[in-house]
Amino acid sequence: MSRATKIVATIGPASSDRETLTRMIRAGVNVVRLNFSHGKPQDHIDRAALVREVADECGTKVAIMADLQGPKIRVGKFENGRVMLVNGDKFILDADCQMGNQERVGLDYKALPRDLKGNDVLLLNDGLIVLTVERVMGNEIHTVVKIGGELSNNKGINRQGGGLSAPALTAKDMDDIKTAMSFQADFVAVSFPKNATDMEMARQLSNVAAEPYGHKPMMIAKIERAEAIPLLQEILDASDGIMVARGDLAVEVGNAAVPGLQKRMIKMARASNKLTITATQMMESMIVNAVPTRAEVSDVANAVLDGTDAVMTSAETASGKYPVETVEAMSAICEEAERSEEAKVDADFINQRFTRVDQSIAYGALFTAHHLRVKAIVALTESGSTALWMSRHNIDIPIFAITPNVGTRQKAALFRNVYTLELAQCADTETMLKGAQDLLLAKGVVQKGDLVVVTWGEPIGQVGGTNALKILKVGEY
């Protein structure tokens, strides 16, 4: 329990066997990402079941994130699988083309020609190939190759500066939401949302699909479009968290803009009591190498220092050669970066106005714990909201969300500096406090004589009803 920052790991062919997954969870994975851009529905169902099973065997709770594919706009397929584009070549993106060649290629998003005009710049294959639009004729986009290279089947297309009209939720995404809710995914990550409406629609669809299971997932907005940046606050308000998805975002806004945007997004999310995940190429070299580069170490550490809740792997753990070593290295970097952080609880509360009792109790617990230097902060919670509010502020004291609710334990696996424990609900306050004390003692978190700050709600079991705070001396119950 020495690492505050959480690790989201994508699983795939390299990490879907029981042994590897067990080693990854023991190495520190807190959330498993299922990438719905790949695989069949049954693949995700089977992997989710295995994750739950292995996590239980490891004596921990691991959250599951269903990451929707979204409207990734791609070229079609080529007769020979690939072509080599040379600077100055003419090249046509043709919505009616069935099989591509040296002169043209098809499109999976047939409406793309309607979004473009002369002089637009298209970035293919994560920006490695650059095309300038000369003109649009019907379903054909006539371009000139500005920066060439090898173009192979199904590579992505972005427009520089963003602005493509493809909807955030495709028919496939809607089906995938039903699949994800069949195994009660804790988080749904929505790709390419443009505004709050996209997130509200995704939440509504997810809640309807999850209702038969008595489940409500948390919604994560992946910030990948340039047009999402001016609307970031409304997207945050409509979401439970955001993912700083640096791949497509960098293609649309330029690589140089991304580090500053990352800091801004994390700061805004924390101020809005929302979660943040920092993703894309964090440990990219570990797809083939057993150790990360120094630049990757700095990248992960800087995300931690920015205040991200979690750092995420993609191909490194899904298809790379060293999935376990990637998690171990990422965990070590996070721990080291956290040692250099400063607690700023006092400064955080300057000019703050609290409008809710439960929020006031959460912040009062932080302030008290910081000044008394207690051993732990305990939130006896149903929904996890109190623990979430506490986790938005840097404090070098661990926060324990103790709850009878398995779903809350799994969701809180993503909250920075929050650790979860299970305790059966009890209507009697004194019995409940003694149970929490004994649980912390049994886990070796505290010793007799230690001070602990505890929050809870009365009547017990009421969601959003935290209204009590106590400074507990371990051993007095």
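What you see is a predicted model, and the numbers here were worked out from it, not measured in a lab. (Residues numbered from 1 in each chain as written. Predicted model: local features only at pLDDT ≥ 70, side-chain atom pairs only at ≥ 80, totals over all residues. Heavy atoms only, no water.)

(A) Geometry of the overall build of the protein chain. Looking only at helices and strands, one finds 16 helices and 21 strands in the protein chain. Computed over its C-alpha atoms, the radius of gyration of the protein chain comes to 24 Å, within 12% of the 23 Å expected for a compact globule of 477 residues. When its C-alpha atoms are laid out on the principal axes, the protein chain stretches across 80 × 50 × 45 Å. The 477 residues of the protein chain split such that 56% are buried. Looking at the protein chain alone, contacts between residues at least 24 apart form 68% of all its contacts between residues at least 6 apart. By element, 50% of the accessible surface of the protein chain is carried by carbon and sulfur atoms, the whole surface being about 19900 Å². A distance of 1 Å separates the average location of the 53 positive side-chain charges in the protein chain from that of its 59 negative side-chain charges. (Helix = DSSP H or I, 4+ residues; strand = E, 2+ residues; numbered from the N terminus. Rg over C-alpha atoms; globule rule 2.2 N^0.38 Å. Buried < 20%, exposed > 50% of the residue type's maximum accessible area, 1.4 Å probe, protein only. Contact = heavy atoms within 4.5 Å. Areas by Shrake-Rupley, 256 points an atom, 1.4 Å probe, with all protein chains shown as cover. Lys, Arg positive; Asp, Glu negative; His and termini not counted. Charge placed at Lys NZ, Arg CZ, Asp CG, Glu CD.)

(B) Summary view of the pattern of salt bridges. Evaluation of the coordinates by the stated rule reveals 26 salt bridges. Notably, a salt bridge pairs Asp248 with Lys72, separated by 2.8 Å at the nearest N-O pair. You can see Asp248 sitting in helix H7 (residues 246–253) and its partner Lys72 sitting in the loop between strand E3 (63–67) and strand E4 (82–85), a full 176 residues away along the chain. Taking relative accessible area as the criterion, Lys72 reaches 16% and is therefore assigned buried. Here the residues in one salt-bridge network are Arg18, Glu53 and Glu57, joined through shared partners. (Salt bridge = Lys/Arg side-chain N within 4 Å of Asp/Glu carboxyl O.)

(C) Quick look at the packing of helix H9 (residues 294–306) against helix H11 (residues 323–338). Closest axis-to-axis distance for the H9/H11 pair is 9 Å, and the angle between their directions is 50°. When the interaxial angle is binned, H9 and H11 end up oblique. Regarding H9 and H11, the two cross each other, and that crossing is right-handed. Each of Val297, Val300, Ala301, Val304 and Leu305 in H9 lies in contact with H11, whose residues at this interface are Met330, Ile333, Cys334, Ala337 and Glu338. For the contact of H9 with H11, a count of residues per class yields 9 nonpolar, no polar and 1 charged. (Axes fitted to C-alpha atoms, helices over the stretch in contact; angles between N-to-C directions. Parallel < 35°, antiparallel > 145°, perpendicular 65-115°, else oblique. Left-handed = near helix turned anticlockwise from the far one by under 90°. Nonpolar A, V, L, I, M, F, W, Y, C, P; charged D, E, K, R; others polar.)

(D) Geometry of the sheet that holds strand E14 (residues 241–245). Here 8 strands make up a closed barrel; going around it, the order is E1-E2-E3-E12-E13-E14-E15-E16 and the pairing parallel. Ignoring which end each strand starts from, the neighbouring axes of this sheet average 25° apart. Pairing of strand E12 (residues 187–190) with strand E13 (residues 218–223) involves 4 bridges; the strand directions are parallel. If you follow Phe187 over to E13, its bridge partner there is Met218. Along the sheet, helix H8 (residues 258–271) makes contact with E13, E14 and strand E15 (275–279), crossing E15 at roughly 160°. (Pairing = 2+ DSSP bridges.)

(E) Quick look at the sheet that holds strand E5 (residues 90–94). Strand order in the open sheet formed by 6 strands is E6-E5-E9-E8-E7-E11, with mixed pairing between adjacent strands. Two strands close off the open sheet at either side, each with one partner strand: strand E6 (104–105) and strand E11 (157–159). Sheet analysis places strand E7 (residues 121–124) next to strand E8 (residues 129–137), joined by 4 bridges and oriented antiparallel. Within E8, the position partnered with Leu123 by the bridge is Val130.

(F) Molecular detail of a nonpolar patch on the surface. Where nonpolar side chains cluster on the molecular surface, the patch consists of Leu372, Leu451, Leu469 and Ile471 and spans about 290 Å² of accessible area. Residue Leu372 is classed as partly exposed on the basis of its relative accessible area of 42%. (Patch = residues over 30% accessible without salt bridge, like charges linked within 9 Å, V, L, I, M, F, W, Y side chains within 5 Å.)

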